[in-house]
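Residues per chain are reported as follows:
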Amino acid sequence: MGDIIFLHGASSSGKSTLARALQASIPFPFWHISINHLRDSGVLPLARVQSGDFDWKAMRASFFDGYHRSLGAYADAGNNLIIEHILDTPGWQGQLARSFLPHRVLFVALHAPLGVLNVREAARGDRPEGSAEKDFNTIHQGRQYDLEISSADPLEANVTAVVSAWEIQQGRSAFFDLVKGL
């Protein structure tokens, strides 16, 4: 069974940068998986969504359902995962928690100052304006984490903190705490 390091943070908080640094540092092979990889690889018919041929709102639920199921399947097959995701929809954490139950999960909050998020979002140009601020104000509300770090801290320090937490983690992850019946 694969281990899972789950990076949860606002859009433009530095999850991809942290995931790549972790992948390069951790002493075992870990896949780095994100929605951005699917988007950027051409898996999604984005040109047709953008042209109006396809309605993203109509496609979104089945896309994320399949994405979430695939993560559990990858881990069930014995692959270690670094997942970067934004749990911005009710029920997602529960769906993932059920799938991840047999796995060791390290649930990491990646915080970033709002001003930094806004600057990064504008520089990226691939997010709707205000996405990062919306995430900043909502996604960490009511959640408990195994580890909380800030992208305002040096990347090396964050990598060390995550790897150390992963190496010493014992017991049940906070990822499962909000899900009833687990």
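All figures in this text were calculated on a predicted structure; none of them were measured in a lab.

Asker: Describe the overall build of the chain, naming the residues involved and giving the relevant values.
Answerer: Scanning the chain for helices and strands turns up 8 helices and 5 strands. Relative to its length of 182 residues, the chain is compact, with a C-alpha radius of gyration of 16 Å against a globular reference of 16 Å. Considered along the principal axes of its C-alpha atoms, the chain spans approximately 50 × 35 × 30 Å. A total of 182 residues make up the chain; the buried ones form 45% of that total.

Asker: Now, about the pattern of salt bridges: what can you tell me, with residues and values included?
Answerer: Close approach of charged atoms allows side chains with opposite charge to pair. Per the counting criterion, the structure on display carries 6 salt bridges. Note that Arg172 and Asp177 form a salt bridge whose closest N and O atoms lie 4.0 Å from each other.

Asker: An account of the packing of helix H1 (residues 15-25) against helix H8 (residues 155-168) is requested, with residue identities and associated values reported.
Answerer: In contact at an axis separation of 10 Å, H1 and H8 are set at 60 degrees when each is read in the N-to-C sense. If you check the angle between H1 and H8, you find them oblique. For H1 against H8, the interelement crossing comes out right-handed. Mapping the contact onto sequence places Thr17, Leu18, Ala21, Leu22 and Ser25 in H1 and Leu155, Asn158, Val159, Val162 and Val163 in H8. Split by residue class, the contact of H1 with H8 holds 7 nonpolar, 3 polar and no charged.

Here is what the cut-offs are and how they apply
Residues numbered from 1 in each chain as written. Predicted model: local features only at pLDDT ≥ 70, side-chain atom pairs only at ≥ 80, totals over all residues. Heavy atoms only, no water. Helix = DSSP H or I, 4+ residues; strand = E, 2+ residues; numbered from the N terminus. Rg over C-alpha atoms; globule rule 2.2 N^0.38 Å. Buried < 20%, exposed > 50% of the residue type's maximum accessible area, 1.4 Å probe, protein only. Salt bridge = Lys/Arg side-chain N within 4 Å of Asp/Glu carboxyl O. Axes fitted to C-alpha atoms, helices over the stretch in contact; angles between N-to-C directions. Parallel < 35°, antiparallel > 145°, perpendicular 65-115°, else oblique. Left-handed = near helix turned anticlockwise from the far one by under 90°. Contact = heavy atoms within 4.5 Å. Nonpolar A, V, L, I, M, F, W, Y, C, P; charged D, E, K, R; others polar.

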